[in-house]
There are 2 protein chains.
Amino acid sequence: MADGLVLSIDGMGGDAGPQTVVEGVAIAARRWPQTRFLLHGDESELARCLDRHPALKAVVSVRAAERTISMEMKASQALRQGKGASLWNAVEAVKDDEAHAVVSAGNTGAFMAIAMFRLRTMAGVHRPALTAGIPNGRARMTVMLDVGATVEADAEQLVEFAIMGEAFYRALYGVERPMIGLLNVGAEDQKGHEEIRAAARLIRDRRIDMDFRGFVEGDDICKGAVDVVVTDGFTGNISLKSIEGAARLVGQFLREALTSGPLAQTGAALAYPALKKLRKRMDPSTNNGAVFLGLNGVVVKSHGGANADGFAAAIDVAVRLARSHYRDEIARNIARLGAGADQSAAEQRDAS
Amino acid sequence: MADGLVLSIDGMGGDAGPQTVVEGVAIAARRWPQTRFLLHGDESELARCLDRHPALKAVVSVRAAERTISMEMKASQALRQGKGASLWNAVEAVKDDEAHAVVSAGNTGAFMAIAMFRLRTMAGVHRPALTAGIPNGRARMTVMLDVGATVEADAEQLVEFAIMGEAFYRALYGVERPMIGLLNVGAEDQKGHEEIRAAARLIRDRRIDMDFRGFVEGDDICKGAVDVVVTDGFTGNISLKSIEGAARLVGQFLREALTSGPLAQTGAALAYPALKKLRKRMDPSTNNGAVFLGLNGVVVKSHGGANADGFAAAIDVAVRLARSHYRDEIARNIARLGAGADQSAAEQRDAS
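None of the values given here were measured: they were computed from a predicted structure. Every chain begins its residue count from 1, and numbering advances along the sequence as written. To label them, take the chains in the order written and letter them from A, then take the ligands in the order written and number them from 1. pLDDT decides what is reported in this predicted model: residues at 70 or higher carry local features, side-chain atom pairs at 80 or more are listed and counted, and totals for whole chains, interfaces and linings draw on all residues regardless. For side-chain calculations, the full set of non-hydrogen atoms in the structure is used, while hydrogens and water are omitted.

### Considerations on helix α7 (residues 194-205) of chain B
Think of an α-helix as turning once every 3.6 residues; residues three or four places apart then point the same way. Cut-off, in case you're wondering: Numbering of helices and strands starts at the N terminus; helices are DSSP runs of H or I of at least 4 residues and strands are runs of E of at least 2. Helix span, as expected, comes to 1.5 Å for every residue beyond the first. Each residue is placed in one exposure class: buried if its accessible area under a 1.4 Å probe, protein chains only, is under 20% of its type's maximum, exposed if it is over 50%, and partly exposed if it falls in between. Throughout, a residue-residue contact means that at least one pair of heavy atoms, one from each residue, lies within 4.5 Å.
The first and last C-alpha atoms of α7 of chain B sit 16 Å apart over 12 residues, in line with the 16 Å expected at 1.5 Å per residue. Three or more residues of α7 of chain B are buried, namely Ile 196, Ala 198, Ala 199, Ala 200, Leu 202 and Ile 203 of chain B. In this structure, the buried side of α7 of chain B is in contact with α9 (233-258) of chain A together with α6 (155-173), β7 (179-183) and β8 (211-216) of chain B. Just downstream of α7 of chain B, Arg 207 of chain B is the residue with a positive phi angle, here 50 degrees.

### Brief notes about the packing of aromatic side chains
The cut-off we apply is this: Here a pair means two rings of Phe, Tyr or Trp (six-membered ring of Trp) with centres within 6.5 Å. Their orientation is stacked below 30 degrees between planes, edge-to-face above 60, and tilted elsewhere. Any Lys NZ or Arg CZ found within 6 Å of a ring centre and within 35 degrees of that ring's normal is scored as a charge over the ring.
In the structure shown here, the tally under the stated rule is four aromatic pairs over all chains. Between Tyr 169 of chain B and Tyr 173 of chain B the ring centres are 4.8 Å apart and the planes differ by 55 degrees, which places this aromatic pair in the tilted class. You can see Tyr 169 of chain B and its partner Tyr 173 of chain B sitting in helix α6, four residues apart, about one turn around the helix. Judged by relative accessible area, which is 1%, Tyr 169 of chain B ranks as buried. Overall, the relative accessible area of 26% leaves Tyr 173 of chain B in the partly exposed class. Note that Arg 118 of chain A overlies the ring of Phe 117 of chain A, its terminal NZ or CZ placed 5.7 Å from the centroid.

### Concerning the sheet that holds strand β3 (residues 60-64) of chain A
Residues and elements named next belong to chain A. As a reminder, the rule being used: Any two strands between which DSSP finds at least two bridges are classified as paired. Here an axis means a line fitted to C-alpha atoms, over the contact stretch when the element is a helix, while the angle between two N-to-C directions is reported on a 0 to 180 degree scale.
In spatial order, the strands read β3-β2-β1-β4-β11-β10-β5-β6-β9-β7-β8; together these 11 strands make up an open sheet with mixed pairing. Among the strands making up the open sheet, the edge pair consists of β3 and β8 (211-216). Neighbour to neighbour, the strand axes of the sheet diverge by 25 degrees on average, direction disregarded.

### Topic: the environment of Trp 32 of chain A
All names here are of chain A. On the secondary structure map, Trp 32 appears in the loop between α1 (18-31) and β2 (36-41). For Trp 32, a relative accessible area of 15% corresponds to the buried category. Among residues more than four places away in sequence, those in contact with Trp 32 are Asp 316, Val 319 and Arg 323.

### Quick notes on the relation of the copies chain A and chain B
Heads up, the condition is: Superposition of the copies was done by least squares, using only C-alpha atoms of residues whose pLDDT is at least 70 in both.
For the pair chain A and chain B, the relating rotation is 180 degrees, the translation along its axis is 0.0 Å, and the fit reaches an RMSD of 0.0 Å. Taken together, the turn and the small shift mark the pair as related by a two-fold rotation axis. Minimal C-alpha separation from the rotation axis in chain A is found for Gly 267 of chain A, amounting to 1.8 Å.

### A few points about the interface of chain A and chain B
To keep it simple, the criterion reads: By definition, the buried area sums, over both parts, the 1.4 Å-probe accessible area that each loses when the two are put together. One side-chain nitrogen of Lys or Arg within 4 Å of one carboxyl oxygen of Asp or Glu is enough to make a salt bridge. Nitrogen and oxygen atoms within 3.5 Å of one another constitute a polar contact, given that in protein one can donate a hydrogen and the other can accept it, and given that sequence-neighbouring residues count only through two side-chain atoms.
Opposite the 52 residues of chain A that make contact, chain B presents 52 residues. Roughly 4300 Å² of surface becomes buried between chain A and chain B when both sides are summed, with 74% attributable to carbon and sulfur atoms. At the boundary of chain A and chain B, one finds two salt bridges. Lys 241 of chain B is paired through a salt bridge with Glu 217 of chain A; the nearest N and O atoms lie 2.4 Å apart. One can count eight residue pairs in polar contact (both at pLDDT 80 or more) joining chain A with chain B. Those elements that provide at least two residues to the side of chain A that touches chain B are α8 (219-223), α9, α10 (262-270) and α11 (272-282) of chain A.

### Considering helix α11 (residues 272-282) of chain B
All names here are of chain B. As a reminder, the rule being used: What the arc covers is the set of directions going from the helix axis to the C-beta atoms.
Burial in α11 covers these residues: Ala 274, Leu 275 and Leu 278. Around the axis of α11, the buried residues are gathered within 95 degrees of arc, so they sit on the same side. Residues Lys 276, Lys 277, Arg 279 and Lys 280 are exposed on α11 and point more than 90 degrees away from its buried face.

### Concerning unusual backbone geometry
The peptide bond linking Leu 145 of chain A to Asp 146 of chain A adopts the cis configuration, its omega dihedral lying at -5 degrees. The residue Asp 146 of chain A is located in the loop between β6 (142-145) and α6 (155-173) in this model. In this structure, Asp 97 of chain A is a non-glycine residue whose phi angle is positive, near 60 degrees. Looking at where Asp 97 of chain A falls in the secondary structure, it is placed in the loop between α4 (86-95) and β4 (101-104). For Arg 120 of chain B, which is not glycine, the phi dihedral falls at a positive 65 degrees. Tracing the sequence through the fold places Arg 120 of chain B in the loop between α5 (108-119) and β5 (129-134).

### Some thoughts on the environment of Glu 176 of chain B
All names here are of chain B. Relative to the helices and strands, Glu 176 resides in the loop between α6 and β7. Judged by its relative accessible area of 57%, Glu 176 falls in the exposed class. Separated by 10 residues in the primary sequence, Glu 176 and Glu 166 place their C-alpha atoms 9.5 Å from one another.

### A look at the packing of helix α1 (residues 18-31) of chain B against helix α12 (residues 308-323) of chain B
Residue and element names in this part refer to chain B. Formally: What sets the label is the angle itself: under 35 degrees gives roughly parallel, over 145 gives roughly antiparallel, 65 to 115 gives roughly perpendicular, and the rest give oblique. Crossings are assigned a handedness: left-handed for a near helix turned anticlockwise from the far helix by less than a right angle, right-handed for a clockwise turn. Residues are grouped as follows: Ala, Val, Leu, Ile, Met, Phe, Trp, Tyr, Cys and Pro are nonpolar; Asp, Glu, Lys and Arg are charged; all remaining types, including Gly, are polar.
The geometry of α1 relative to α12 is characterised by a closest axis approach of 7 Å and an angle of 55 degrees between their N-to-C directions. Taken together, the axes of α1 and α12 lie oblique to each other. Where α1 crosses over α12, the two elements pack in a sense that is right-handed. Residues Thr 20, Val 21, Glu 23, Gly 24, Val 25, Ile 27, Ala 28 and Arg 31 of α1 pack against Ala 308, Asp 309, Phe 311, Ala 312, Ala 313, Ile 315 and Asp 316 of α12. Across the contact of α1 with α12, the residue classes tally to nine nonpolar, two polar and four charged.

### Focus on the pairing of strand β10 (residues 290-293) of chain B
In the case of a regular strand, side chains alternate between the two sheet surfaces. Residues and elements named next belong to chain B. Side chains Ala 290 and Phe 292 project from β10 onto one buried face, and the interleaved Val 291 and Leu 293 project onto a second face that is buried too. Where β5 and β10 come together, two bridges link them in antiparallel fashion. Within β10, the position partnered with Ala 129 by the bridge is Leu 293. Two strands pair when backbone bridges link them, and β10 and strand β11 (residues 298-301) are joined in this way by two bridges, in the antiparallel orientation. Residue pairing for β11: Ala 290 is matched across the bridge by Lys 301.

Read these as layout, nothing more, since geometry by itself doesn't imply function.
So this is what it looks like as structure tokens:
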């Protein structure tokens, strides 16, 4: 791994199969010429896909895997039976220091379970968190975490998510001091669950190094009121899917409106290039690449339905993270969180 | 109250003030000719507004109130200082059996607090719940509850919300067996918080009389996968506001797309009638009227920013509920929930 980055890619994941993965790698290889790829999966199938991309020969090594984990397999089953599968081996390459990051468009639950089992959480981090990028009308997305890795999070875990989200956003977008908010049902100090109020106090009391803006509400996510929205996996998952459902419904309303009569249809035809751009703006694959944060390794999940451009976008995220110092930054703030705890304990001893 | 319905209206609530309220009442009075209205607020101001609507003279009685509760006042302050305000008196008229329902576009927190304090929860109902109607592309909205009255709900309270939501949906839309779902992060039995899994078991074990469809996810809300989505006030509030934020953002994207150049603008002009209908479809005031369920009285909150049509829509909700037997139906299912508890206790005694 001496010169340049090595990415471990699950060649078999995603709804569209290896062809889309390989095309995504081809786009990424042009974008990141110093990067090499380990491509895990069925040897003959991957060879066939690679035949169409002779330029990849120099930067891709195929690693034969004897099986694949289906999109439907339960995480528990994947943990028991997944050894030797392309997804498993792709994670293993990071564990074995053969690669700097792993990217897969495969089964999310299985990917999270295997990555968690093989890579383990970073020192001081209790639970991992999954990120999502959500459009807000500006150039940079709103990042929300956790959106489904950790269903219940206590105050300290929420602060760990805030620390991880902050470092992640800086690595992704190069913003020195991203704004951090805690998702709640109101902006006032006394609102919401006790864990959330306690998390806000912890961030302030332990002097965690971040631009913390306090509580934000559900409509602040798409408004982009802060850069990083912190919440537990239950609330984050429901909020994210609520947003996806709403965007899909408005899209459906728009289609219905623009096909409702000859005048509307003519209007839509004239506005077609603008509407196409709108569609692209709302397309999930333009902000593809969810990250499973808090592990000893960079773990990036591409949307199962992403096309080649989408898969390449997920690889972009992996490259940016692997090149950054986000794990050192996380470790630094996690140490403050821990040091604060020691100090509080010491103060309590002194007081008594 | 012998013949016909009497509605108690807070004449001073809402961003636009008494004029909009009175115009909303005028629309409702034409729609529901047998209904009378008690209009609470500043006597001279209301008289001035009513002057423009001579037809209302016969059905509206003005009840002078010496003050109003501002939109910014905290709920706790409203409880201490609100006595004699238009909102307070409007609630009091239901408490005193002078009116069948109360409608206000005023301060939500103050309205909930005063209604809760004066009307109290129905026998067997532990906590109230606030409803929201969310578009789903069909004629009838998805109803979600709770969206902010009860931040934390245990399993039994979630079942009470399901029972209230079911009866509410039937009263509102005349659907005999509305489909009920519990909001969760997956459809499988083992997903989510323990309270939610326990609530699902309770609905089945106690044979609550409803068409219960199990767990639904965030994107099922705008899909209309079920008629009634049940959740706690924390999750419901965040989900609802996430949806509102997403819809607003897509609307903004659409406006930007359709003003991005002369061709797009011409297209938008041609499609204008269709786009206007789309706008109406997404306008919150067309599905106005949130209900504060579980109290001894019908309590309807109109959106603060609703126009006269919106306020009339909130009155529609109040009329439909006041005419229905929804509180008897709630009481019947609540009794099942209680009886099941007695039975379980008896079974446990027998087993030991």
